[in-house]
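Chain residues, written in single-letter form:
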Amino acid sequence: MRSFRPLSIFVTILVALLGRGEPVERMIPATARWVFTADIAALKQSETGSRLIRHLQSAPSSNQIAAMSALFRVDPFNDIERIVLWGRPAASNATILLMQGRFDAAHLETIIRGNARYQSLAYGRHTLHSWVDDGNPEVQRQYGCIHPTGGLLVSRSREAVEEAIDTLDGRRPPLNPIKSFGFPFSSNAPLYYASGETVPSVIPLPDPTRMAIRATWIEASEKIRTVHITLGLHVSDPDSARQVRDVVQGLVALGQMAQDPDAVELMAPARVDLEGASVRISTSASSDLVFRMLQRQLDVPAAGSATASTP
């Protein structure tokens, strides 16, 4: 097989699924500055997650997912248990993906070794696989390792993969969320994101407010067909936190008057709480509303491509 590009596409599809076990921070190096984790098993047990998976299985992309599943002998809906992504500051190529689940290691290695620019590298008792997708420059070389614990590691940074291996092997200290972000990780949210970097650009905050925020976290969970979403902002000091709270309260009020009825319904029960130097925004919505909003986002590319191809 001359190209390994299908794995890159397959990984993208898996991450888009949004999906618990050993505390996730024990698997992540202490140098991580942002973390995303998705519990696929918990997602499948929720109403929103199960409907989302059924939609993906019947959407226009389902044929591509099926083809990738057959090629790699991995069923993303049954074999993938957890997805973890993390990265370090000022190093975009140091982002690393860890997928846990059931893999046919021998088959995956056969596919990887078929790449025209494949390299096999030794790291202690582990084998690192390295490749460049056909048509890509050498600077886009990728590195991967199938760890004995059942994890598949992929990154464009060899150093990041080696650091992840050492953490999984217990030779390097794992992440301490309180030290790195100022708060502990959630223990019961299937979908979780934490960052000690800048606030995500999709959150429309003025620059002075954005600069006062030291870390953010977002978590989502579902109980009895109701999805609970929380956005937390860890601020530099209590006085700045009060100012951030006031700005956020204004943004929530604007959201409650939006023209999009789904956005209004999502923001209607939202509340903003101040706890010391942290601001917490929480809301809840029916699984029907959340699925409808997700479906609309997922179907946009398909509708756009269909329109573009029409004479």
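Conventions and cut-offs
- Residues numbered from 1 in each chain as written.
- Predicted model: local features only at pLDDT ≥ 70, side-chain atom pairs only at ≥ 80, totals over all residues.
- Heavy atoms only, no water.
- Core = buried A, V, L, I, M, F, W, Y, C linked by side-chain atoms within 4.5 Å.
- Buried < 20%, exposed > 50% of the residue type's maximum accessible area, 1.4 Å probe, protein only.
- Helix = DSSP H or I, 4+ residues; strand = E, 2+ residues; numbered from the N terminus.
- Contact = heavy atoms within 4.5 Å.
- 1 Å grid on protein atoms, 1.4 Å probe; cavity = no way out; pocket = protein on both sides within 12 Å on 5 of 7 lines; lining within 4 Å.
- Points joined across faces, edges and corners; volume = space filled by probe spheres on them.
- Phe/Tyr/Trp six-rings, centres within 6.5 Å; stacked < 30°, edge-to-face > 60°.
- Salt bridge = Lys/Arg side-chain N within 4 Å of Asp/Glu carboxyl O.

Draft legend 1. Representation of the nonpolar core. In this structure, Val35, Trp86 and Phe181 are the most contacted members of the largest nonpolar core, which totals 25 residues. Breaking this core down by element, the ones donating at least two residues are strand S2 (80-88), strand S3 (91-101), strand S4 (119-123), strand S6 (142-147), helix H6 (158-168), strand S8 (191-195) and strand S9 (213-223). Per-element tally for this core: the top contributor is H6, with three residues. If sequence neighbours within four positions are ignored, phenylalanine 181 has contacts with Ala32, Arg33, Trp34, Val35, Leu175, Ala194, Ser195, Gly196, Ala215 and His234. Listed in part, the 21 residues of the second largest apolar core include Ile80, Leu97, Ile146 and Leu152.

Draft legend 2. Structural view of empty space enclosed by the protein. Each pocket or cavity is described by its volume, and for the largest cavity that value is around 40 Å³. In terms of lining, the largest cavity is formed by ten residues, of which the most central are Ile112, Trp131, Gly144, Cys145 and Leu152. If you list the elements that add at least two residues to the lining of the largest cavity, you get strand S5 (126-131), S6 and strand S7 (151-155).

Draft legend 3. Highlighting the packing of aromatic side chains. Under the definition given, this model contains two aromatic pairs. For the pair phenylalanine 181 and phenylalanine 183, a centre-to-centre distance of 5.9 Å together with 20 degrees between the ring planes defines the contact as stacked. Overall, phenylalanine 181 belongs to the buried group, its relative accessible area being 2%. Aromatic side chains phenylalanine 183 and tryptophan 217 sit 4.4 Å apart centroid to centroid with 45 degrees between the ring planes, which places their arrangement in the tilted category. Linking phenylalanine 183 in the loop between helix H7 (177-181) and S8 with tryptophan 217 in strand S9, this pair joins segments that are 34 residues apart in sequence. Residue phenylalanine 183 shares its accessibility class with tryptophan 217, and that shared class is buried. Every member of this aromatic cluster is reached through a ring pair, and the members are Phe181, Phe183 and Trp217.

Draft legend 4. Spatial organisation of the environment of leucine 231. Its place among the elements puts leucine 231 in strand S10 (residues 226-235). On a C-alpha basis, the gap between leucine 231 and serine 282 in space is 6.3 Å, while along the polypeptide they are 51 residues apart. In this view, leucine 231 contacts Ile203, Trp217, Ile218, Val279, Arg280 and Ile281; residues no more than four positions away in its chain are not counted.

Draft legend 5. Fine view of the pattern of salt bridges. Enumeration over the complete set of coordinates arrives at 24 salt bridges. Among the ionic pairs, arginine 171 bridges to aspartate 166, the shortest N-O distance being 2.5 Å. In this structure, arginine 292 and aspartate 262 form a salt bridge, with 2.9 Å as the shortest nitrogen-oxygen distance. Remark: aspartate 262 occurs in helix H10 (residues 261-267) and arginine 292 occurs in helix H11 (residues 287-309); sequence separation between them is 30 residues. A relative accessible area of 36% places arginine 292 in the partly exposed class. A single network of salt bridges, built from pairs that share partners, joins Arg88, Arg125, Glu159, Glu163, Asp166, Asp169, Arg171 and Arg172.

Everything listed is a geometric property; what it means functionally is a separate question.
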